[in-house]
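A closer look at the structure
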Amino acid sequence: MAYSTFLKAAILSAFVSVALTANTPGTTQCTPIGSNMPACVQANANVLQLAINQYQDGVSYGGGGDAIVSAVTSNGIVSLLSYECAGAGNVPPVLSAAEVRAYAEKIKNCPSACGYYWVTAACSVGNVLGATSLDIEKVPKGSPLK
């Protein structure tokens with residue numbers, strides 16, 4: 001897909017910006033408004049909600065090495081909502097869709113609607129918002145909930 005490189009670069013950039021800080025599991029780290037991410041404003045939280053809605057009931061996410069990404073574009077704004085880990089060898093714990101959505105809702109409540117909810121010290125649910133002329137949509141891949 002043409003946008004997969006775009007997604008990987010955007011998510012990697014966002015994770016690198018916070019991966020070097022101490023992360024406390026169970027906390028939300030909001031991206032400050034005006035931090036070189038002009039689309040990260042509460043007015044764009046509706047696009048994040050569209051990405052949150054793609055995490056399906058009855059499905060679990062995590063447990064593998066790949067990032068789980070939900071991406072949606074609306075009115076020229078893309079939300080890249082991901083669940084992944086920073087650092088080699090870190091694997092995101094398995095979460096239900098309800099858990100991923102609940103953690104993403106905490107990010108949606110940030111003034112910027114961008115940031116991270118730390119599931120572990122190295123793994124988080126994170127969202128970035130950006131302007132784009134591309135029509136991007138990616139449904140997250142999971143497994144049937146056991």
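To be clear, the structure that these remarks concern was listed above.
Here is a short report on the structure shown in this document. As the structure is a prediction and not an experimental result, all values here were calculated from the model.

Moving on to the sheet that holds strand β9 (residues 143–144). Pairing within the open sheet is antiparallel, and its three strands lie in the order β5-β2-β9. At either margin of the open sheet sits one strand with a lone partner, and together these are β5 (95–96) and β9. Relative to β5, strand β2 (residues 59–61) runs antiparallel, the two sharing two bridges. The residue bridging S60 from the neighbouring strand is S96, located in β5.

So, about the pairing of strand β7 (residues 123–131). Of all the nine residues making up β7, eight are buried; the element is thus mostly covered by neighbouring parts of the structure. Count of turn residues in the strand β6 (residues 115–118)/β7 antiparallel hairpin: four residues.

Time to look at the nonpolar core. Core analysis: the largest hydrophobic core is formed by 18 residues, its most contacted members being Y55, Y61, L81, Y83 and V125. At the level of elements, α2 (45–52), β2, β3 (68–74), β4 (77–85) and α3 (97–108) are the ones that each hand at least two residues to this core. Here the element with the most residues in this core is α3; it accounts for five residues. The contacts of V125, once residues within four sequence positions are left out, are L81, S82, Y83, V100, Y103, A104, I107, G115, Y116, Y117 and V119. Core analysis: the next-biggest nonpolar cluster, separate from the first, contains eight residues, A39, C40, I77 and A113 among them.

With that settled, the discussion passes to the state of the cysteines. By the definition in use, this model includes three disulfides. Residue pairing for C30: its cysteine sulfur links by disulfide to C110, the two sulfurs lying 2.1 Å apart. Measuring handedness by torsion sign, the sulfur bridge of C30 and C110 sits at about -75° and is left-handed. One end of the pair, C30, is in strand β1 (residues 28–30); the other, C110, is in the loop between α3 and β6, with 80 residues separating them in the sequence. Disulfide pairing is shown between C85 and C123; the S-S distance is 1.8 Å. Disulfide C85-C123: the torsion about the S-S bond is 95°, which places it as right-handed. Highlighted residues: C85 in strand β4 and C123 in strand β7, separated in sequence by 38 residues. Each of the two residues, C85 as well as C123, counts as buried. Numbered by order of appearance in the sequence, the disulfide-linked cysteines of the protein chain pair as 1-4, 2-5, 3-6.

Thresholds, definitions, all that
- Residues numbered from 1 in each chain as written.
- Predicted model: local features only at pLDDT ≥ 70, side-chain atom pairs only at ≥ 80, totals over all residues.
- Heavy atoms only, no water.
- Pairing = 2+ DSSP bridges.
- Helix = DSSP H or I, 4+ residues; strand = E, 2+ residues; numbered from the N terminus.
- Buried < 20%, exposed > 50% of the residue type's maximum accessible area, 1.4 Å probe, protein only.
- Core = buried A, V, L, I, M, F, W, Y, C linked by side-chain atoms within 4.5 Å.
- Contact = heavy atoms within 4.5 Å.
- Disulfide = S-S within 2.5 Å.

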